[in-house]
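# Summary of the model geometry
One-letter residues, chain by chain:
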Amino acid sequence: LVALPPRFTDLYSQLSGRTCPRTNNFPEEPAICLLCGALLCAGTTCCKRHSVGALTQHVSSCGAGVGLFFLLHKCTTVLIRGSHAAFCCSPYVDEHGEEDAGLKRGRPLTLDPHRMAQLERLWASHCIASEVVRERVTRERVIRENFY
């Protein structure tokens, strides 16, 4: 997987100058492909084609239909297998080891090597598809097909 900077603020500042390839603006909901490092729009209408989100389109050419993305504004990871998606752990945590979903608490976040290793194991062991299925079966709320 791509190397993420140790501090979340460093990642945010690295991405601030990059733009969406279609709109030439900073994405409303930026997502980083953890396989190739591409910056994409997550779940927005600007990059959807035929009601298929940009991340789902991207995994068809990068990852053979399977992918991991870090959603910058939600501070979480989304796993994609085909048209299905599920949220996973965030690689960034606060000083107490807790996630800051949606960046609501505003505490400094650092990269957790154990969480990053967990994501790498999911990818290397080809378990993303089964993890997506597991999350979609056990959660009350699921992500719509082709949303991301």
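Now for a look at the structure at hand. Keep in mind that what you see is a predicted model, and the values were worked out from it rather than measured. (Residues numbered from 1 in each chain as written. Predicted model: local features only at pLDDT ≥ 70, side-chain atom pairs only at ≥ 80, totals over all residues. Heavy atoms only, no water.)

Looking only at helices and strands, the protein has four helices and seven strands in total. In terms of C-alpha radius of gyration, the protein reaches 14 Å, essentially the compact-globule figure of 15 Å for 148 residues. Expressed as a percentage of the 148 residues in the protein, the buried residues total 44%. Here the contacts in the protein between residues at least 6 apart in sequence split such that 54% fall between residues at least 24 apart. For the protein, the exposed area adds up to about 7,900 Å²; of that, 51% sits on carbon and sulfur atoms. Between the centroid of the 17 positive side chains of the protein and the centroid of its 14 negative side chains there is a distance of 7 Å. (Helix = DSSP H or I, 4+ residues; strand = E, 2+ residues; numbered from the N terminus. Rg over C-alpha atoms; globule rule 2.2 N^0.38 Å. Buried < 20%, exposed > 50% of the residue type's maximum accessible area, 1.4 Å probe, protein only. Contact = heavy atoms within 4.5 Å. Areas by Shrake-Rupley, 256 points an atom, 1.4 Å probe, with all protein chains shown as cover. Lys, Arg positive; Asp, Glu negative; His and termini not counted. Charge placed at Lys NZ, Arg CZ, Asp CG, Glu CD.)

Next up on the list: the nonpolar core. In terms of nonpolar packing, the biggest core is built from 23 residues, with Phe 8, Leu 11, Phe 70, Leu 79, Tyr 92, Leu 119 and Ile 128 touching the most fellow members. Contributing elements (two or more residues each) for this core: helix H1 (8-15), strand E3 (66-71), strand E5 (84-88), helix H3 (113-124) and helix H4 (128-138). Once you skip the residues sitting within four places of it in the chain, Leu 79 turns out to touch Gly 67, Leu 68, His 84, Ala 85, Ala 86, Cys 88, Leu 122, Ile 128, Glu 131 and Val 132. Counting residues in each nonpolar core, the second largest holds 15 residues, with Ala 38, Leu 40, Phe 69 and Ile 143 among its members. (Core = buried A, V, L, I, M, F, W, Y, C linked by side-chain atoms within 4.5 Å.)

The subject of this paragraph is the sheet that holds E3. Across the sheet, five strands lie side by side as E2-E1-E3-E4-E5; this open sheet has antiparallel pairing. Two strands close off the open sheet at either side, each with one partner strand: strand E2 (39-41) and E5. Each strand axis lies, on average, 35 degrees off the axis of its neighbour in the sheet, ignoring direction. As paired strands, E3 and strand E4 (residues 76-81) are joined by six bridges and run antiparallel to one another. Opposite Val 66, over in E4, you have Arg 81 as the bridge partner. In this fold H3 packs onto E3, E4 and E5, with an angle of close to 160 degrees to the strand it touches most, E3. The strands touched by H4 are E3, E4 and E5; relative to E5, the strand with the most contacts, the crossing angle is about 80 degrees. (Pairing = 2+ DSSP bridges. Axes fitted to C-alpha atoms, helices over the stretch in contact; angles between N-to-C directions.)

Here we come to the pairing of E5. Both faces of the sheet carry side chains from a regular strand, because those side chains alternate between them. Relative to E5, E4 runs antiparallel, the two being bridged by five bridges. Looking at the pairing, Ile 80 lines up with Ala 85 of E5. Where E4 folds back onto E5 in an antiparallel hairpin, the turn is made up of two residues, including Gly 82, whose phi is positive at roughly 65 degrees.

Under the defined criterion, the tally for this structure stands at seven aromatic pairs. An angle of 70 degrees between the planes, with centres 6.3 Å apart, marks the rings of Phe 8 and Phe 70 as edge-to-face. Placement of Phe 8 in helix H1 and of Phe 70 in strand E3 is noted, with a sequence separation of 62 residues between them. By relative accessible area, Phe 8 is classed as buried at 8%. Plain terms: the ring middles of Phe 87 and Tyr 148 are 6.2 Å apart, the flat faces sit at 75 degrees to each other, and that makes the pair edge-to-face. In this pair, Phe 87 sits in strand E5 while Tyr 148 sits in the segment after H4, placing the two residues 61 residues apart along the sequence. For Phe 87, a relative accessible area of 36% puts it in the partly exposed group. Pairwise contacts between aromatic rings join Phe 8, Tyr 12, Phe 26, Phe 70 and Tyr 92 into one cluster. (Phe/Tyr/Trp six-rings, centres within 6.5 Å; stacked < 30°, edge-to-face > 60°.)

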